[in-house]
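Summary of the model geometry
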Amino acid sequence: MSLCSKRFLKVAIWVASFSCLCPSASSAAPPLQPVPIQAALVKTLQADRIAVGDSVLAKVSVGWNDPQCALRQGAILEGRVVAAKAHSKASKPSELALLFESGQCGGRAMKPLPLTLAAVVAPAPDTNEGLYQGDETLPLSSAPGLGIGDVNNVGPALGGNSAGGMRSVQAAAATVFSMAPGPRLPQKVMPGQVIGLKGINLSVGLGPQGSSVLSSAKRNVRLAAGSLLVLVLRPNAPPSPPSAPVAASPFSSSTAAAPAKSIPEPAPIPDETEICAPPHCSLALESNETSTRNARAAAIFSVKELGYPPKPTFEMHQLDFEAAISYLGAKELLFSFNPHQMVPRSGLEGEGQTVRIIRGALIDLGSLKVEKVVDWRVQDRGRYLWAAGRDRLLIHSGSELRLYGPGLKLQEKLSLGGPLAFVRVSPSGTYIAVGVVHERHTPAIHRELAEEENREPEEDVQVRVLNAKLGVLTTVMRSSWQPPPVLLDEGEIRLSSGGKNRWRVLEYDWTSQQRLLARFDSSCVPQAASLPPDLLFVVGCDSRTSGKWYRVLRPDGKLVLKGWSSAEDLDQIVAGSEQGETFAVAVARAGHALTPDSVFHAADLQSEYIGVYRTENGKRMFGVTVPSPAPTQQTFSLSPGGEKLAVFGADQISIYDVPGVVAARK
């Protein structure tokens, strides 16, 4: 039986009750089991590298319901190896007997679930797992509270007159689950079939203890990770205790949002990576390092007295979030950092949990004196500070997000209820997307999955869309393997694969309308971020070299700036000014070429170049090269008007005048 085309839509598989295959089965026609369980094997199994009793994990590909058990997409099934026989010269046949006995029925805990392996399908070809692919996940605008269309409910970014831009979530369902679909399957699978794996046979339920036996006459039995297992409830097995009451599988149609409107794709537009013509776009050309190193600061502030520690000596894979600098209005600057002091732990914090103290020093720019010093407790090593609109900063502190205004006065706060996955803010601060991790597994299953998959296991991430006052507008559940959303004021931006090394930039506005903004080539998975006034920053890889390219796009997809960095350069980081007249791009350079998996030390960083560009046309207005920079991502900040650039390097903060900004306003 041949596999269906890649374009064939996913269909339900049916498998006859396997009792008809057993010699002792009744001659009466058996009932059909129309909805078997489809699960992907987590780790490769090979008969000569596995032992009897070893655990076997599989991940449910499609939500499944039974009166005794509800399995959501991504739930774990656990089995074991009952028998294993390796291929050898003396005994050529190889066998592997598998038995599945438990699953995550209605929650994290494993519960008895007797299953029989009825069929096997080879894993699908590799795809860009975890990326937005067309409508693999529903856009945020499809969630309750976001798909509006009435001018009275649309915010100013879309020409409406509503302050929130969304209707109240009380008028809609509380949560929408939006996950990637399961693998593409054959139209029909029969008991005992092994599809796509030559030379392997399957005897259903005929092995020891009722296990199913995979066999090969010429080589070791091998099932690759990702192989699709088709399993049915085992007859004559003791019934499983009822799972915790659940209204329905969280991924059933009863809770899923309506799909986004099907809108014809616009006519093809040219590859914007090749179009950058003055006066509307500029190239970020190589700067004169001597002149930028000698740029004179208008003011300098030493951070030694604040307790800032020396550069770390440990190995790093990327620039960290151990320090940050940000304007808080035109007259104040917040410098925050990890003083690396002993941190007393509370009883609620686990032994292995990361806990940092972040010290924030509010600096008055008129007197260059510290107005206030505050310590925050942060329970991870991720980013903890974001600009959130005019004269506001968002801080991750403990189990909360806190919104601060001028004078570092607390304005709003939001309880997270779990580990923070990410924060994304639209350029004006009108919309904020916050991701909170919800653990799918018990600690034991989590550890086993991490070991077998060699990465952090897939978790649920509750994405809350907030307004400017941290009010929750809607909630969507996504996978931790999906990239965080990228927000413009008009809607959500997604990067979608269009074939080998081809990518598209798609916008889903808050009324669920889809628009193609740009196309480009990238030999790696591209990254995107938004910045004031309403720009999009995209970074990708050049397939012809070892370097990376970066682009700054307007909301209509037109280029503002086009640049390139070499293999010696680390992350490209961008920030904009609140009033939207300028933006800055920073690139840190190491003393040797780095691959994506390379480790480095802070001492390997030779310099960081920061260029300031005019939003109108991408023209460079100012540039500075910082020798021996700090190994952190948030080393610079533009003043609200864009006429000042604050830079943190070594043990001081330097403030530079950006020429031409004030004159351009007159």
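Residues numbered from 1 in each chain as written. Predicted model: local features only at pLDDT ≥ 70, side-chain atom pairs only at ≥ 80, totals over all residues. Heavy atoms only, no water.

**Comments concerning the overall build of the protein chain**
- Broken down by element type, the protein chain carries 3 helices and 46 strands.
- For the protein chain, the residues scored as buried account for 52% of the 666 residues in total.
- Of all intrachain contacts in the protein chain linking residues separated by at least 6 positions in sequence, the fraction that spans at least 24 positions is 60%.
- Carbon and sulfur atoms make up 53% of the accessible area of the protein chain, which amounts to about 29,900 Å² in all. (Helix = DSSP H or I, 4+ residues; strand = E, 2+ residues; numbered from the N terminus. Buried < 20%, exposed > 50% of the residue type's maximum accessible area, 1.4 Å probe, protein only. Contact = heavy atoms within 4.5 Å. Areas by Shrake-Rupley, 256 points an atom, 1.4 Å probe, with all protein chains shown as cover.)

**Regarding the sheet that holds strand β46 (residues 652–657)**
- Taken in spatial order, the 4 strands make up an open sheet running β18-β46-β45-β44, and their pairing is antiparallel. Of all the strands in the sheet, just β18 (299–302) and β44 (636–638) have a single pairing partner and so form its edges. Shown here is a sheet whose adjacent strand axes are inclined to one another by a mean of 15 degrees, direction ignored.
- Bridge count for β44 against strand β45 (residues 644–649) is 3 bridges, and the pairing is antiparallel. The partner of F636 across the bridge, within β45, is V647. (Pairing = 2+ DSSP bridges. Axes fitted to C-alpha atoms, helices over the stretch in contact; angles between N-to-C directions.)

**So, the packing of aromatic side chains**
- Going through the model one piece at a time under the given rule, you end up with 11 aromatic pairs.
- Note on W376 and Y404: the rings are 5.9 Å apart at their centroids and 65 degrees apart in plane angle, and the pair reads as edge-to-face. Here the residue W376 occupies a position in strand β22 (residues 369–378), and Y404 occupies one in strand β25 (residues 400–405), the gap between them amounting to 28 residues.
- A relative accessible area of 7% places Y404 in the buried class.
- Counting every residue linked through ring pairs, the aromatic cluster contains Y308, F335, F337 and F648. (Phe/Tyr/Trp six-rings, centres within 6.5 Å; stacked < 30°, edge-to-face > 60°.)

**As for the pattern of salt bridges**
- Applying the stated criterion across every chain yields a total of 17 salt bridges.
- The salt bridge partner of K644 is D657, with a shortest N-O separation of 2.4 Å. Linking K644 in strand β45 with D657 in strand β46, this pair joins segments that are 13 residues apart in sequence.
- Its relative accessible area of 29% is what places K644 among the partly exposed residues.
- If you follow the salt bridges from partner to partner, you end up with K59, R72, R440, E453, E458 and D460 in one network. (Salt bridge = Lys/Arg side-chain N within 4 Å of Asp/Glu carboxyl O.)

**Describing the sheet that holds β22**
- One open sheet accounts for 5 strands, arranged β22-β21-β20-β19-β43; its pairing is mixed. Since the sheet does not close on itself, it has two edges, and those belong to β22 and β43 (632–634), each with one partner. Adjacent strand axes in the sheet meet at a mean angle of 20 degrees when their direction is disregarded.
- The sheet contact formed by strand β21 (residues 356–364) and β22 spans 9 bridges and is antiparallel. Directly across from I357, in β22, lies its bridge partner R377.

**Focus on the pairing of strand β40 (residues 582–590)**
- Counting buried residues in β40 gives 8 out of 9 residues, a clear majority hidden from the surface.
- Bridge analysis of strand β39 (residues 569–576) against β40 gives 6 bridges, and the strand direction is antiparallel. If you follow I573 over to β40, its bridge partner there is A586.
- The antiparallel hairpin formed by β39 and β40 contains 5 residues in its connecting segment, where G580 sits at a positive phi of about 80 degrees.
- One ladder, built from 9 bridges, connects β40 with strand β41 (residues 605–614); its direction is antiparallel. Within β41, the position partnered with A584 by the bridge is V612.

**Some thoughts on the nonpolar core**
- L71, L77, L98 and L214 are the most contacted members of the largest nonpolar core, which has 33 residues in total.
- For this core, the elements supplying multiple residues, two or more each, are β3 (37–41), β5 (55–60), β7 (69–71), β8 (76–85), β9 (94–103), β10 (111–121), β13 (200–203) and β16 (228–233).
- For this core, the leading source of residues is β10, giving 4 residues.
- If you look at the next biggest cluster of nonpolar residues, it comprises 24 residues, including M316, F600, V612 and L638. (Core = buried A, V, L, I, M, F, W, Y, C linked by side-chain atoms within 4.5 Å.)

**Comments concerning helix α2 (residues 443–453)**
- Residues of α2 that are buried: I445, H446, E448, L449, E452 and E453. The arc that holds every buried residue of α2, seen down its axis, measures 165 degrees, which confines them to one face. Turned more than 90 degrees from where α2 packs its buried face, P443, R447 and E451 sit exposed.
- The secondary structure elements touched by the buried residues of α2 are β5 and β8. (Arc of directions from axis to C-beta.)

**Structural notes on the state of the cysteines**
- Across all of its chains, the model carries 2 disulfides by this definition.
- Two residues share a disulfide in this structure: C69 and C105, whose sulfurs sit 2.1 Å from each other. Measuring handedness by torsion sign, the sulfur bridge of C69 and C105 sits at about -95 degrees and is left-handed. Of this pair, C69 sits in strand β7 while C105 sits in the loop between β9 and β10, and the two are 36 residues apart along the sequence. (Disulfide = S-S within 2.5 Å.)

**Describing unusual backbone geometry**
- Put simply, P532 and P533 share a cis peptide bond, and its omega is 5 degrees.
- Here P533 is to be found in the loop between β35 (527–531) and β36 (535–541).
- Look at S628: it is not a glycine, yet its phi comes out positive at around 50 degrees.
- Along the polypeptide, S628 turns up in the loop between β42 (620–627) and β43.

**Description of the pairing of β3**
- A large share of β3 lies buried, amounting to 4 of its 5 residues.
- One ladder, built from 4 bridges, connects β3 with β16; its direction is antiparallel. Bridging across to β16, A40 finds its partner in L228.
- As paired strands, β3 and β5 are joined by 3 bridges and run antiparallel to one another. Looking at the pairing, L41 lines up with A58 of β5.

The values reported here are purely geometric and, on their own, carry no functional implication.
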